[in-house]
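What follows is the residue order along each chain.
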Amino acid sequence: NWLYYMNKNAAVSTIRRRSLNDESDTLFFSRPDLSPSAWVAVSPDNKLVAFINYADRTVAEGTGGTYQIIVVSTEDPSNVRDYKIPASLRYFKFSPDSSALEYIENTATDNHIWRQDLASRSPRKIVFSALTEKIFHFSRSGDGKRLALALGRQVNDAVLLSEFIN
């Protein structure tokens with residue numbers, strides 16, 4: 001039983017793990033070309049750890065670009081796989097069976113949740129309807145049969161303040 005967490009650093013972040021049995025703490029993953037950005041996701045079967053590679057800074061969030069997701073084996077941290085996903089948010093989850101990554105893609109005309117099987121390089125849609133509102137978050141039931149969505153619209157207002165400082 002392990003708790004995986006990031007050790008943030010301006011140059012390169014690392015992943016550490018702490019034993020829930022004896023509280024020992026060890027370096028789990030460190031590579032200068034692969035740096036965890038915001039959080040670490042652990043697969044439901046505890047065999048994989050995944051993160052968005054901060055060292056791959058090719059896109060700004062919300063622009064509909066491509067993110068590099070790094071998947072590391074908890075049994076052999078040298079076993080590393082990478083996946084380029086065309087997502088609109090820096091958010092993904094493991095599927096309930098730990099065999100895929102699921103992520104959100106909102107475009108001007110459509111909003112979907114995609115499933116990237118870890119065994120292949122071809123993603124497929126798991127939410128097919130053309131939703132009129134953006135998907136901000138999702139969660140699956142433990143058995144994977146139900147899906148909850150957080151939907152909505154993003155509204156931005158501009159306010160002009162003038163002559164408020166004397």
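Shown above is the structure to which this text applies.
Residues numbered from 1 in each chain as written. Predicted model: local features only at pLDDT ≥ 70, side-chain atom pairs only at ≥ 80, totals over all residues. Heavy atoms only, no water.

Colleague: Explain a nonpolar patch on the surface to me, using residue names and the numbers behind them.
Modeller: There is a patch of nonpolar side chains on the surface, built from Val159, Leu161, Phe164 and Ile165 and spanning about 500 Å² of accessible area. Along the chain, the position of Phe164 falls in the segment after β13 (147-152). On the basis of relative accessibility, which here comes to 57%, the residue Phe164 falls in the exposed class. (Patch = residues over 30% accessible without salt bridge, like charges linked within 9 Å, V, L, I, M, F, W, Y side chains within 5 Å. Areas by Shrake-Rupley, 256 points an atom, 1.4 Å probe, with all protein chains shown as cover. Salt bridge = Lys/Arg side-chain N within 4 Å of Asp/Glu carboxyl O. Helix = DSSP H or I, 4+ residues; strand = E, 2+ residues; numbered from the N terminus. Buried < 20%, exposed > 50% of the residue type's maximum accessible area, 1.4 Å probe, protein only.)

Colleague: Outline the environment of Ser13, supporting the account with residue identities and numerical values.
Modeller: Topologically, Ser13 is positioned in the loop between β1 (2-7) and β2 (14-19). Spatially, the C-alpha atom of Ser13 lies 7.5 Å from that of Ser30, the residues being 17 residues apart in sequence.

Colleague: Describe the pairing of strand β7 (residues 80-85), with residues and values.
Modeller: Judged from the 6 bridges that link them, strand β6 (residues 67-73) and β7 form a sheet pairing that is antiparallel. Across the sheet, the residue bridging to Ile70 is Asp82, located in β7. A loop of 6 residues connects β6 with β7, the two strands running antiparallel in sequence. (Pairing = 2+ DSSP bridges.)

Colleague: Kindly report on the sheet that holds β7, identifying the contributing residues and their values.
Modeller: Spatially, β4-β5-β6-β7 is the arrangement adopted by the 4 strands of the open sheet, whose pairing is antiparallel. With one partner strand each, in any of the chains shown, β4 (41-42) and β7 form the two edges of the open sheet. Summarising the sheet, strand β5 (residues 48-52) and β6 pair through 5 bridges and their orientation is antiparallel. By the bridge assignment, Val49 is partnered in β6 with Val72.

Colleague: Describe the pairing of β6, listing the residues and the values that go with them.
Modeller: Regular strands have side chains that alternate between both faces of the sheet. Among the 7 residues that make up β6, 7 are buried, leaving the element largely enclosed by the rest of the structure. The alternating pattern of β6 places Tyr67, Ile69, Val71 and Ser73 and Gln68, Ile70 and Val72 on opposite faces, both of which are buried.

Colleague: Run through the packing of aromatic side chains, naming residues and quoting values.
Modeller: Per the counting criterion, the structure on display carries 5 aromatic pairs. With centroids separated by 5.8 Å and ring planes inclined at 55°, the aromatic side chains of Phe29 and Phe51 adopt a geometry described as tilted. On the criterion of sequence distance, the pair formed by Phe29 in strand β3 (residues 25-29) and Phe51 in strand β5 is long-range, its members being 22 residues apart. A relative accessible area of 4% means that Phe29 is categorised as buried. Taking the relative accessible area as the measure of exposure, Phe51 reaches 0% and is therefore buried. With a centroid separation of 6.5 Å and an interplanar angle of 35°, the aromatic rings of Trp39 and Tyr91 are classed as tilted. Placement of the pair is Trp39 in the loop between β3 and β4 and Tyr91 in the loop between β7 and β8 (92-94), with a sequence separation of 52 residues. The exposure class assigned to Tyr91 is buried, which follows from its relative accessible area of 15%. An aromatic cluster of three or more residues is present, and its members are Trp39, Tyr91, Phe92 and Phe138. (Phe/Tyr/Trp six-rings, centres within 6.5 Å; stacked < 30°, edge-to-face > 60°.)

Function cannot be inferred from these measures alone, as they are strictly geometric.
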